[in-house]
Amino acid sequence: MKTIRLLGTLGVGLLIGGQAALAQQAPFGGDEDVAYAEALWSALQEANLVGEGRTMSAPYTGQHPHGAILGTIDGEVTVDGTTGPVIVKRNYGGEGASKETVWNAPDDYLGAVTVMFKREGYDPDNSDWFWVKYLPSGELDSNPAGVPLAGRVAKGMDQGCIACHAGAPGGDMVFGHDRIQ
């Protein structure tokens, strides 16, 4: 009985330790990324791109992984002394979500806010984009392993922000236009 309990304890310890190791190995979601994402959210609020009183954009039909209905707005913000272009995508979904219902009551359908912020010298391999996914409240979202989705999200992986956006036309990792280089 003691052997079974010991093995069970070791198994749980390895599982937790394995998740912690995975989190430490990820090229994103570390303390610096989390702090920067928090500063970015504040800059986005000051620019009225997120939060209460935000500037709205026309909803359009979206696709996975962002949402059934999307709203995208871009601009320029300054974070910790770095000024750069920012793209804010509001991801809407849920029962009854349509372009019309989202336009009339966006907060009822907002599921997440995904952001790309260009930080010169940050990640030259990926056009210097800082990637982040927020919950509607401004808190960071996390992947299933509990790693915050901020920084070089999914760099070097087969799926995720960078893997998907690497296929965008124009070499700027941005779908829809080729003007942010």
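Here the structure is shown first, and the text comes after it.
The shown structure was predicted, so the numbers you read here are calculated from the model rather than taken from an experiment. (Residues numbered from 1 in each chain as written. Predicted model: local features only at pLDDT ≥ 70, side-chain atom pairs only at ≥ 80, totals over all residues. Heavy atoms only, no water.)

Chemist: Before we go on, may I ask you to explain the sheet that holds strand 2 (residues 69-79) in this structure?
Modeler: Within a sheet, adjacent strands bond to each other through the backbone by hydrogen bonds, running parallel or antiparallel. On the basis of which strands lie adjacent, the open sheet formed by six strands has the order 1-2-3-4-5-6 and antiparallel pairing. Each having just a single partner strand, strand 1 (60-61) and strand 6 (150-151) make up the two edges of the open sheet. Strands in contact with helix 2 (residues 31-46) are strand 2, strand 3 (82-92), strand 4 (110-118), strand 5 (129-134) and strand 6; relative to strand 5, the strand with the most contacts, it is inclined by about 80°. (Pairing = 2+ DSSP bridges. Helix = DSSP H or I, 4+ residues; strand = E, 2+ residues; numbered from the N terminus. Contact = heavy atoms within 4.5 Å. Axes fitted to C-alpha atoms, helices over the stretch in contact; angles between N-to-C directions.)

Chemist: Teacher, can you tell me more about the packing of aromatic side chains here?
Modeler: Centre-to-centre distance and the angle between the planes together describe a pair of aromatic rings. In the structure shown here, the tally under the stated rule is four aromatic pairs. By way of ring pairs, the aromatic residues Tyr36, Phe117, Tyr122 and Phe130 are connected into one cluster. Residue placement shows Arg119 over the ring face of Tyr36; its charged tip is 3.5 Å from the ring centre. Seen from the ring of Tyr122, Arg152 lies directly overhead, with NZ or CZ sitting 4.0 Å from the centre. (Phe/Tyr/Trp six-rings, centres within 6.5 Å; stacked < 30°, edge-to-face > 60°. Lys NZ or Arg CZ within 6 Å of the ring centre and 35° of its normal.)

Chemist: Sorry, what's going on with helix 2 here?
Modeler: Within an α-helix, residues lying three or four positions from one another point in the same direction, as the helix has 3.6 residues per turn. The end-to-end C-alpha distance of helix 2 is 23 Å, a good match for the 22 Å that 16 residues give at a rise of 1.5 Å each. By the burial criterion, the buried members of helix 2 are Asp33, Tyr36, Ala37, Leu40, Trp41, Ala43 and Leu44. Summarising the axial view, the buried residues of helix 2 lie within an arc of 165°, below the 170-degree limit, and thus occupy one face. Along helix 2, the residues that are exposed and aim more than 90 degrees away from the buried face are Asp31, Glu38 and Glu46. Of the surrounding elements, those touching the buried residues of helix 2 are strand 2, strand 3, strand 4, strand 5 and strand 6. Just beyond helix 2, the residue with positive phi is Asn48, at close to 60°. (Expected span 1.5 Å × (residues − 1). Buried < 20%, exposed > 50% of the residue type's maximum accessible area, 1.4 Å probe, protein only. Arc of directions from axis to C-beta.)

The quantities given are spatial measurements derived from coordinates; they are silent on function.
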